[in-house]
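# Observations on the three-dimensional arrangement
Take a look at the letters that make up each chain.
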Amino acid sequence: MPKMKTHRGAAKRFKLTATGKVRHGKAFGSHILTSKSTKRKRRIRQNGILAAVDTGNVRRMLPYL
């Protein structure tokens, strides 16, 4: 059986927490920031936790994390 390959795009976007949850960066934080409120930009800076229904797909793409 050959080794499984890590999906490199997913590896750059997701990290696993110690409890096995999947952490991700938030969208809409890179440009046109003048029209976004300070509160919104502050929330975008924080990482999010992936929904449980999507976790299986990401874990399949990252077999060795």
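Figured I'd write up the structure that's included with this text.

On the basis of which strands lie adjacent, the open sheet formed by 3 strands has the order 1-2-3 and antiparallel pairing. Strands with a single pairing partner mark the edges of an open sheet, and in this sheet they are strand 1 (14-16) and strand 3 (48-49). The sheet contact formed by strand 2 (residues 22-24) and strand 3 spans 2 bridges and is antiparallel. Counterpart to His24 in the pairing with strand 3 is Gly48.

Further remarks concern a positive patch on the surface. On the surface, Arg8, Lys12, Arg13, Lys15 and Arg23 cluster together into a patch of positive charge. You can see Lys15 is positioned in strand 1.

What follows deals with the environment of Lys5. Relative to the assigned elements, Lys5 resides in the segment before helix 1 (8-13). Its relative accessible area of 77% is what places Lys5 among the exposed residues. Put simply, Lys5 and Lys36 are 31 residues apart on the chain and 39 Å apart in space, counted from C-alpha to C-alpha. If sequence neighbours within four positions are ignored, Lys5 has contacts with Met61 and Pro63.

Located in the positive-phi region is Phe28, a residue other than glycine, with phi close to 70 degrees. For Phe28, the position within the fold is in the loop between strand 2 and helix 2 (38-45). Unlike most non-glycine residues, Ile32 shows phi in positive territory, near 55 degrees. Along the chain, the position of Ile32 falls in the loop between strand 2 and helix 2. Judged by its relative accessible area of 55%, Ile32 is exposed.

About the criteria used
- Residue numbers here run from 1 along each chain, matching the order of that chain's written sequence.
- Only residues with pLDDT of 70 or above have their local features reported here, since the model is predicted, and side-chain atom pairs are shown and tallied only from 80 upward, although totals for entire chains, interfaces and linings are computed over all residues.
- Neither water nor hydrogens contribute to the side-chain values; these are computed over all heavy atoms in the structure.
- Between any two strands, at least two bridges found by DSSP are needed for them to pair.
- Note on conventions: DSSP H or I runs of at least 4 residues are helices, E runs of at least 2 residues are strands, and numbering of each starts at the N terminus.
- Exposure above 30% relative accessible area and the lack of any salt bridge qualify a residue for a patch; like charges then connect within 9 Å, and the nonpolar side chains Val, Leu, Ile, Met, Phe, Trp and Tyr within 5 Å.
- Accessible surface area values rest on a Shrake-Rupley calculation with a 1.4 Å probe, where residue burial reflects the displayed protein chains alone.
- A carboxyl oxygen of Asp or Glu within 4 Å of a side-chain nitrogen of Lys or Arg is what we treat as a salt bridge.
- A positive count includes Lys and Arg, and a negative count includes Asp and Glu. His and the chain ends are not counted in either.
- The atom standing in for a charge is NZ when the residue is Lys, CZ when it is Arg, CG when it is Asp and CD when it is Glu.
- With a 1.4 Å probe rolled over the protein chains alone, any residue whose accessible area is under 20% of its type maximum counts as buried; one over 50% counts as exposed, and the rest are partly exposed.
- Note on definitions: a residue-residue contact is assigned when non-hydrogen atoms from the two residues lie within 4.5 Å.

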